[in-house]
Structures are given as C-alpha cells and as structure tokens.
Amino acid sequence: MLEVVHEFIEKHQLLECGTTVVVGVSGGPDSLALLHFLWSERERYDIQLVAAHVDHMLRGKQSEEDMHFVKHFCEQHSIICEATQLDVPAYMERTGKGVQEAARDCRYTFFEQVMYKHHAHCVALAHHGDDQIETVLMRLVRGSTTRGYAGIPVKRPFGSGYIVRPFLCIDRRQIEQYCRQNGLHARHDPSNEKDDYTRNRFRHFVLPFFKRENIRVHEHIQQFSEMMSEDEAFLEQLTKEELKRVVHQQEEGIHVDIPPFIRMPKPLQRRGIQLILNYLYGNVPSSLSSIHINQALLFLKRPHPSGMLHFPNGLKVIRQYEVCIFTFQQRQTSEYEFLFHVPDTIVLPNGCQLISQFVDRYPFIEDDDHIVIEADQLMLPLRVRTRKCGDRMKVKGMKHAKKISRIFIDEKIPANERAQWPVVEDASGNIIWIPGVKKSVYTATNITKNRYIVLHYKKQ
Ligand SMILES: Nc1ncnc2c1ncn2[C@@H]1O[C@H](COP(=O)(O)OP(=O)(O)OP(=O)(O)O)[C@@H](O)[C@H]1O
C-alpha cells in the first residue's frame, strides 16, 4: 500500500517539501491511518503536521470522546492538534441546511482557520478509493453536471492552498490492513452507518458486486475520475474562450447573444450555461440541478422569442428575442421591446401575456383586455414595449392625441407599475393600445370586413 500512495502523491504533487500540512482527523480508521501515514513519512516529505478535529456536537458524549481520542493520539505522537466544538445544530437552525451540508460548512470553515493560523500549504483529507466509487455512482444515478460525474478531486484550491486526498488510490480494505499492521485502534464512526443513507445503500449493495467483479475496481474508477477531470478542465477552458464572444456582463446581470451561442458546439453550450450559473450564484444552491441547465438550453433554442424562467434563489432567465438575460434583479423599472407577430403569444416581464390572432369575422369583444383592429388599417409588424418619454396616443373618441403619462395618471395606474406597463404600436410608430387601460382610434369601427386582428391582454 505504501508505495502506491507515494506514487500517487508524487504523480499529483500533493505535498510540497518544507510546508505544513493540516490533516482532517475525525478519529475514524481512514483519517487516523492518514495521520499516522503522514507522521511516519514526515521526514521523507519534509513536512510539519497539524491535526484538525471538529466535534460537530451532534452525538453528545460520544463525539466529545472522539475529540479526546484524537487529542490523546496527537500527544502520544507529538503532533500539534487543533480541536474545536462547533454547534452544528444551531447552524442548521440558522441556515435551514441539512445535517451533512451544515457539518461540512462548519468543518471546512475551521479547516481554513487552522490553515491560515499555521501558514499551511494544504489540508489533507482521508477520502479513499471506495468513497470515490460511491460518489461517482451516486452522481450517475441521481444526475449531476459533467464536473460532478468526475467525482472527488485529488487536489483542489482551498483557503491559502489546496485540499489534497492522498488515499484516493487505495480502498477501505487496504486502509484497514494498514491500521492492523500499525496497531491503530480507531474510533468507530457511527455516521458511516446512519448519516447518509443513499451512500450506505451503494456501499452495502453495489460495492460488493463491483469488488467481486474486480478487486481493483477503485483504481479504474479513480482513473476514470482523473480523465474526466482533465477533459472537463480542457472543455471548460474552451467554453470560457467561446463565451467571451457571446456573453456580456451588464449591470443587471449576464446578457447572452442567442444566435452565436446556439452555434457553439453542444458540449460547450451546456458548460457555458453552467459557467454563467456558477458565476452568478457564487455558491450554487443544492436545489439547482442538470434539469435547470437543460431547461435553459431548450429555452434558448425554442422558436418562441420571449418569456421567462424562474431558477432557485430568485434568479430569472429572461428571453427577449435574440438576447437572453440572467439576472437576480427585479425588472420593475427596466425597459423592454418585443416584436409582436400575428399570431403570437408573448410573456411579458410582468408575467402577463399578450396574445394576437387573425379572425375573419368581427368578434364583438368590447372589454379593456381586448382590442379588435382592422387588419388593413395597420402597418405590421406590431411591437410591444414600455412607454417612452413623450409618447402620445390618439385615444378612441378624442380629437387630440393624449400623453401616455397623463392616461396612466387619469386611469389611476399605480406609479410603480407604469414603467413596466406594455404599450402596443404598429410598424409606423402609431400607438394603438395600452392593454387593459385605453384603446386608440385604430380600434375597428367597420364590422363588415373579413379580416381583423384581435389582441388579448391576459393578466396573471
Ligand atoms: N469531525 C471531523 N474532524 C476533522 N476531520 C474530519 C471530520 N470528519 C471528517 N473529516 C475529514 O474528512 C474526510 C471525509 O469525511 P467524510 O467522508 O465523513 O466527509 P464527507 O462529508 O463525505 O466529505 P466532504 O466533507 O469532503 O464532502 C475524513 O476522512 C477526514 O479526513
């Protein structure tokens, strides 16, 4: 086992001579073996060790005993030990996060603090090859991103350096053997049995089958994971370069030019959406999944030119013809302008719909949410937009054109809704309708024709 781990450390340059390594030690067999291994090999690598232990305060006396156990082991081996008790239940209450995620947040924050305190180069964790198999399989079964399918990374940036996982090249059996050979009597970690049910089902039902097929399956899955990570890094770089040409950072969010975006190769499109979401969220919420990425891709490609998707944490994906906007901003005050073909349905940023159709008989609909227009009296195409300064409309039944701003006031439209209210104009710029509010002189008067346009303003 030792030679395999040395080769792995070398291959991935996990340890740097003359640096300090923080080792995350729960007290269980994996992390105790890692601490012991690095301690035994400290001269070979010329490293200083600091053990970091977190009592998550989830298992009362028992987890306190784990802490004493780790402290005691460190004392015996003259290893600096940073141990702390963190109130994970209180953190869960404050943030609404589940136990696994909450414990991980608290633990990693502590690791980072220890890292800074001791000017460490890396944090070493004891994830091993069987953890890798379980992780890759779980993600394949549940669905994940391409980066997710690559599983647990061997080395990734963290705090002032890296998180490294030197045991990903060996499996649980080899670690147990190491513990036996070195007289390590680790604490029993009950979280392995109960905290993560899905993982345990994979561990108990799927892993034994894989091991029977090939006892070295962990090496192959690890190789798969590393190849996936390399491919992913390469494709991500390509995507970033392509995105520079089609994505523009605006004050309200990210604007994507749709035609060049959908000309990008499909694998880059998917990664492009993922990169935009990573950028906007910072910390991608766990409720965001590959389903959202697929939704966004379909949304960009569908023939219908306008509409909006709602993503977790208030992120909106708004399509306006050839542009797609990813934004967290409320768009109450933003302007818009859409082409409005006949027939068509437009979903407006305020969530209401505008529906247009041709009819061949006068339909006798007189309410404010519909307008009937004689098709030959207008220049098509129509446009739907927000009001502009100085807009006027020739109101039905009035001699002179009236300012749109005055109509909004007279019709008591709430001030905060006016900036987003739709105005419909024809191709020559004549305003023909303020949906739901006022009709213009372009409303049909002749009821004997055989072609009309009916517009319908459908509120939410
Ligand atoms: N209470 C703890 N204190 C210090 N280190 C810990 C603790 N629990 C776990 N670790 C470290 O993290 C490694 C992985 O532990 P475990 O598999 O329980 O965590 P995980 O939640 O699956 O991993 P991760 O937090 O990286 O997603 C352990 O081998 C150990 O190095």
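Anything mentioned here points back to the structure above.
By convention here, each chain's residues receive numbers from 1 onward along its written sequence. The predicted origin of the model limits local features to residues at a pLDDT of at least 70 and limits the giving and counting of side-chain atom pairs to 80 or more, whereas totals for whole chains, interfaces and linings rest on all residues. Only hydrogens and water are removed before side-chain values are computed, so all heavy atoms of the structure are retained for them.

Participant: So what's going on with the overall build of the protein chain? Residues and values would help.
Facilitator: Secondary structure counts use DSSP, requiring at least four H or I residues in a row for a helix and at least two E residues in a row for a strand, with both numbered from the N terminus. When its secondary structure is counted, the protein chain shows 17 helices and 22 strands. Relative to the globule expectation of 23 Å for 460 residues, the C-alpha radius of gyration of the protein chain, 31 Å, shows a markedly less compact shape. In terms of overall dimensions, the protein chain has a C-alpha envelope of 100 × 45 × 40 Å along the principal axes. Taken over 460 residues, the protein chain has a buried fraction of 48%. We call two residues contacting when some pair of their heavy atoms lies within 4.5 Å. Counting only contacts in the protein chain whose residues sit at least 6 apart along the sequence, the fraction spanning at least 24 positions is 68%. About 23,600 Å² of surface is accessible on the protein chain, with carbon and sulfur atoms providing 50% of the total. Between the centroid of the 60 positive side chains of the protein chain and the centroid of its 57 negative side chains there is a distance of 8 Å. A radius of gyration in this sense is built from C-alpha atoms; the matching globule rule multiplies 2.2 Å by the number of residues raised to 0.38. Only protein chains enter the calculation, and the probe is 1.4 Å; a residue is then buried if its accessible area is under 20% of its type maximum, exposed if over 50%, and partly exposed in between. Each accessible area value is a Shrake-Rupley result obtained with a 1.4 Å probe; residue values ignore everything except the protein chains displayed when judging cover. None of His or the chain ends enter the tally, which takes Lys and Arg as positive and Asp and Glu as negative. Where a charge sits is defined by one atom per residue type, namely NZ (Lys), CZ (Arg), CG (Asp) or CD (Glu).

Participant: Give me the nonpolar core: which residues, what numbers.
Facilitator: Note on terminology: a nonpolar core comprises buried Ala, Val, Leu, Ile, Met, Phe, Trp, Tyr and Cys residues joined through side-chain atoms within 4.5 Å. Counting residues in hydrophobic clusters, the biggest one holds 36 residues, and the most contacted among them are Leu15, Val21, Val23, Leu35, Leu38, Leu49 and Phe167. Looking at this core, the elements with two or more residues in it are α1 (2-12), β1 (20-24), α2 (29-40), β2 (48-55), α4 (60-76), β4 (122-124) and α9 (172-181). It is α2 that contributes the most residues to this core, 6 residues altogether. Look past the residues within four positions of Val23 in its chain and what remains in contact with it is Leu34, Leu35, Leu38, Leu49, Val50, Ala51, Ala52 and Ala124. Judged by nonpolar contacts, the second largest core, of 33 residues, contains Phe340, Leu348, Ile407 and Ile431.

Participant: Got a sec to walk through the sheet that holds strand β21 (residues 438-439)? Specific residues and values, please.
Facilitator: Strand order in the open sheet made by the 5 strands is β12-β16-β19-β20-β21, with antiparallel pairing throughout. The open sheet has two edge strands, β12 (337-340) and β21, and neither has a second partner. The pairing criterion is simple: DSSP has to find at least two bridges between the two strands.

Participant: Now, about the site of the ligand: what can you tell me, with residues and values included?
Facilitator: Near the ligand there are 16 residues, and of these Gly24, Val54, Arg107, Tyr108 and His127 occur at the shortest range. A distance of 2.8 Å separates an oxygen atom of the ligand from a polar atom in the side chain of His127. Compared with its free state, where it exposes 610 Å², the ligand has 82% of that area covered by protein. Elements represented by at least two residues in the shell around the ligand include exactly β2 and α6 (99-117). Considering each element in turn, the shell around the ligand owes the most residues, 4 residues, to α6. When residues are sorted by character, Ala, Val, Leu, Ile, Met, Phe, Trp, Tyr, Cys and Pro go into the nonpolar class, Asp, Glu, Lys and Arg into the charged class, and all the rest, Gly among them, into the polar class. Looking at the shell around the ligand, its residues break down into 7 nonpolar, 6 polar and 3 charged. Throughout, near means a residue has at least one heavy atom within 4 Å of the molecule or strand. Polar contacts, as counted here, are pairs of nitrogen or oxygen atoms within 3.5 Å of one another; within protein the pair requires one atom able to donate a hydrogen and one able to accept it, and residues that are adjacent in sequence qualify only if both atoms are side-chain atoms.

Participant: Outline the sheet that holds strand β15 (residues 370-374), listing residues and values.
Facilitator: What the 4 strands build is an open sheet, ordered β13-β14-β22-β15; its pairing is antiparallel. The open sheet has two edge strands, β13 (344-347) and β15, and neither has a second partner. Along the sheet, successive strands turn relative to each other by an average axial angle of 15 degrees, direction set aside. In this structure, β13 lies alongside strand β14 (residues 353-359), joined through 4 bridges in antiparallel fashion. What sits directly across from Asp344, in β14, is Ser356. Between the N-to-C directions of two axes lies an angle of 0 to 180 degrees, each axis being a line fitted to C-alpha atoms and, for a helix, fitted only over the stretch in contact.

All we've got here are geometric facts, nothing functional implied.
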